[in-house]
Amino acid sequence: MNSPSLLHHRLQVWQLALELVRVVHSIRIADAEDRGQARKAASSCARNIAEGAARRSRGDKARVYAIARGECGEAVACVELSGVKGGTAEADVKRVVELGSRVSAILYRLG
């Protein structure tokens, strides 16, 4: 993509959120409930970033980015829970926590 036409394509946090989705979908999460929730929340985080980028008012953007931050936190928490239960490798948990922390920090500044 040479010149992104949609606003979210221009955001670094969008690229990081896509990476979070990729990682969450690629790692082993043994518990089906944790796996489903982690994947759903990571995707919801990305969708809300795209929605927030398209909003015009600062208040609307802040509200949607706050939702994205919450979804990011939920995705990370599900992976952490899986790690505590022995269903996800420690290195994978660490990778998700680091990526989620980066996404959340940027979203905090955007909101």
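A brief structural summary.

Attention now moves to the pattern of salt bridges. A full pass over the atoms with the stated rule returns five salt bridges. A salt bridge links glutamate 19 to arginine 22; the shortest N-O distance between them is 3.1 Å. Within this pair, glutamate 19 and its partner arginine 22 are both found in helix H1 (residues 12-26), separated by three residues, close to a single helical turn. Sharing partners across several salt bridges, the network here consists of Glu19, Arg22 and Arg95.

What follows covers the nonpolar core. Generally speaking, soluble globular proteins have nonpolar side chains that are buried together. The biggest cluster of nonpolar side chains holds 31 residues, and the ones touching the most others in it are Val24, Ile49, Val79, Val96, Val103 and Leu107. The residues contacting leucine 107, other than those within four sequence positions of it, are Val13, Cys45, Ile49, Tyr65, Ala68 and Arg69.

Take the packing of helix H3 (residues 58-84) against helix H4 (residues 90-110) next. Running from amino to carboxyl end, H3 crosses H4 at an angle of 165°, the nearest separation of the two axes being 9 Å. Considering their axes alone, H3 and H4 lie roughly antiparallel with respect to each other. Regarding H3 and H4, the two cross each other, and that crossing is left-handed. For the pair H3 and H4, the contacting residues are Arg58, Tyr65, Ala68, Arg69, Cys72, Val76, Val79, Glu80 and Gly83 in the first and Val93, Val96, Val97, Gly100, Val103, Ser104, Leu107, Tyr108 and Leu110 in the second. For the contact of H3 with H4, the per-class residue count stands at 12 nonpolar, three polar and three charged.

As a further point, take helix H2 (residues 32-54). The terminal C-alpha atoms of H2, which comprises 23 residues, lie 33 Å apart, in line with the 33 Å expected from a rise of 1.5 Å per residue. Its side-chain oxygen placed 3.1 Å from the backbone nitrogen of glutamate 33, aspartate 31 serves as the N-cap of H2.

Parameters at a glance
- Residues numbered from 1 in each chain as written.
- Predicted model: local features only at pLDDT ≥ 70, side-chain atom pairs only at ≥ 80, totals over all residues.
- Heavy atoms only, no water.
- Salt bridge = Lys/Arg side-chain N within 4 Å of Asp/Glu carboxyl O.
- Helix = DSSP H or I, 4+ residues; strand = E, 2+ residues; numbered from the N terminus.
- Core = buried A, V, L, I, M, F, W, Y, C linked by side-chain atoms within 4.5 Å.
- Buried < 20%, exposed > 50% of the residue type's maximum accessible area, 1.4 Å probe, protein only.
- Contact = heavy atoms within 4.5 Å.
- Axes fitted to C-alpha atoms, helices over the stretch in contact; angles between N-to-C directions.
- Parallel < 35°, antiparallel > 145°, perpendicular 65-115°, else oblique.
- Left-handed = near helix turned anticlockwise from the far one by under 90°.
- Nonpolar A, V, L, I, M, F, W, Y, C, P; charged D, E, K, R; others polar.
- Expected span 1.5 Å × (residues − 1).
- Polar contact = N/O pair within 3.5 Å; in protein donor to acceptor, adjacent residues only side chain to side chain.

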